[in-house]
Amino acid sequence: DEEQVETAKLEQKIHHLNVQKATVAKERDVEKYKDSDTNVICFDLQQTLLTPLLTTSKKWFEHIRKKLKRAFINENNSKQAIRDVINKTKSIRAAAADYNIHPATLQHRLKTFRKLHPDVNEIVSDDSAQENEVVSIQNAEYHSKYTSNQVFTVQEEESLEKYFIKSSQIQYGLTYHQAQTLAYEFAIHCNKNNIPKSWIENKLAGLFWMQSFMKRHPKLSLRLPENTSLARSTAFNRHTFLGKRGQVLTFVGIINATGNALPPAIIFPRVRYKDYFLNGAPTGSLGLASKSGWMTSPFINAINYARNHGIHLLSFPPHTSHKLQPLDVGVYSSFKANCKTAFNNWMATNPGKQITIYDIPALSNIAFKNSFTIKNITSSFKKSGLWPINQLVFNDEDFLSCYVTDRPAATSNEQQTENEANNNINIVNNSSEEKKTMMSQQRKY
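Being a predicted model, the structure only gives us computed values, none of them experimental.

What counts and how
Residues numbered from 1 in each chain as written. Predicted model: local features only at pLDDT ≥ 70, side-chain atom pairs only at ≥ 80, totals over all residues. Heavy atoms only, no water. Helix = DSSP H or I, 4+ residues; strand = E, 2+ residues; numbered from the N terminus. Buried < 20%, exposed > 50% of the residue type's maximum accessible area, 1.4 Å probe, protein only. Contact = heavy atoms within 4.5 Å. Areas by Shrake-Rupley, 256 points an atom, 1.4 Å probe, with all protein chains shown as cover. Phe/Tyr/Trp six-rings, centres within 6.5 Å; stacked < 30°, edge-to-face > 60°. Pairing = 2+ DSSP bridges. Axes fitted to C-alpha atoms, helices over the stretch in contact; angles between N-to-C directions.

**Some remarks on the overall build of the chain**
(1) Moving on: The number of helices and strands found in the chain is 18 helices and 3 strands.
(2) Moving on: Every one of the 445 residues in the chain was classed for burial, and the buried ones make up 26%.
(3) Moving on: Looking at the chain alone, contacts between residues at least 24 apart form 56% of all its contacts between residues at least 6 apart.
(4) Moving on: Carbon and sulfur atoms make up 54% of the accessible area of the chain, which totals about 33500 Å².

**A closer look at the packing of aromatic side chains**
(1) Moving on: Enumeration over the complete set of coordinates arrives at 19 aromatic pairs.
(2) Moving on: Between Tyr273 and Phe277 the ring centres are 5.5 Å apart and the planes differ by 85°, which places this aromatic pair in the edge-to-face class.
(3) Moving on: When the centroid spacing of 6.5 Å and the interplanar angle of 50° are considered together, the rings of Tyr332 and Phe335 count as tilted. Of the two residues, Tyr332 and Phe335 are both situated in helix α15 (residues 326-349); the distance of 3 residues between them amounts to about one turn of the helix. For the pair Tyr332 and Phe335, one class covers both residues: buried.

**Considerations on the sheet that holds strand β1 (residues 250-255)**
(1) Moving on: The sheet built from 3 strands is open, its strands ordered β1-β2-β3 with mixed pairing. The open sheet is flanked by β1 and β3 (286-289), the only strands paired with a single partner. Averaged over all pairs of adjacent strands, the angle between their axes in this sheet comes to 20°, without regard to strand direction.
(2) Moving on: Sheet analysis places β1 next to strand β2 (residues 261-268), joined by 5 bridges and oriented antiparallel. If you follow Ile254 over to β2, its bridge partner there is Leu262.

Below, the structure is given as structure tokens:
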């Protein structure tokens with residue numbers, strides 16, 4: 001600090017010397033052309049403007065120290081200062097000086113307090129407040145450096161914080177939008193008279209308020225929810241330690257390269273299909289029943305039907321659907337995200353209830369309309385290189401994941417050799433079976 005102060009003093013002396021030189025040069029030029037017919041205009045910024053204050057001076061450092069010191073206000077002192085001013089025992093400046101608070105800060109907090117309590121003329125201790133039913137010091141508390149337009153008191157915000165944490169613990173974590181809506185409804189319930197107009201117009205708290213609320217309560221954080229089974233969450237309680245696996249329901253999407261989508265086929269884990277299974281499903285949906293809920297062997301009939309009617313079925317190599325199948329590339333990801341939103345909203349509006357397989361068709365209807373769009377379908381076909389046909393859609397970087405285990409494709413000769421080897425194996429197996437048969441017959445004789 002001492003070196004910086006000395007450097008600042010030296011720079012200040014140099015600055016004043018430059019000002020003096022400029023002044024002498026100006027006077028010399030004016031005197032030189034005094035008796036001449038030439039008009040001379042002099043621009044002397046050093047004399048026209050005030051000498052600038054050096055930001056490295058000692059006073060500047062003291063100002064910064066005071067500013068940083070004022071940034072951390074003792075809330076108890078602020079509360080006592082507000083009480084003294086409201087009770088008219090001290091002026092604003094006197095209270096600010098006694099409690100080490102900037103007068104402007106104290107005046108601003110007084111303005112906020114009077115806005116919240118317009119009819120309060122006296123603040124007493126907590127015991128007297130209970131007897132006389134007036135505002136106490138604790139009830140009048142209204143602090144934090146983020147509270148320029150704070151709607152709730154500290155106690156009310158703490159109750160909101162506890163509610164958010166409890167909701168997350170019982171697997172009903174709230175999104176930002178749901179938390180903003182809850183804050184607005186809570187403000188209406190508490191009959192707040194300082195609700196911002198934007199809250200009333202949008203029926204939810206503002207985004208800036210939500211961000212400030214998160215800063216005031218560091219226990220809260222925004223996290224991506226982890227996937228969990230509803231059966232596991234509800235089955236693990238104090239009375240049981242047994243978990244139950246949820247039922248599987250298959251949703252089959254059908255699209256083509258022109259961007260059109262047929263109504264989906266929904267396979268229920270039931271032995272027999274009933275019409276009410278598809279209540280609320282997309283119009284024209286096909287309902288099927290399978291004991292496991294998967295596409296199993298009975299659906300091979302569809303393959304035989306395609307072969308008998310001249311329909312060519314093309315299959316993808318194993319474990320490549322995430323790159324080649326258009327539904328996986330650009331449709332199902334959007335569909336799953338919309339389904340999660342629909343399921344989350346349903347669980348929030350139906351607390352204590354479980355989503356059954358009969359609720360899924362209606363909930364997936366909303367996600368189906370928002371996901372199976374022409375834009376998503378055509379872009380998924382394009383990204384996978386199926387249509388328009390593009391064999392160069394994938395570059396070398398896309399194949400780096402299989403670099404270690406990659407092997408060249410078999411040539412025609414190698415393939416022929418492998419087929420012959422398989423035939424030889426079959427011949428050997430057949431000959432061994434024939435030998436066993438002959439031996440058994442010889443034993444009979």
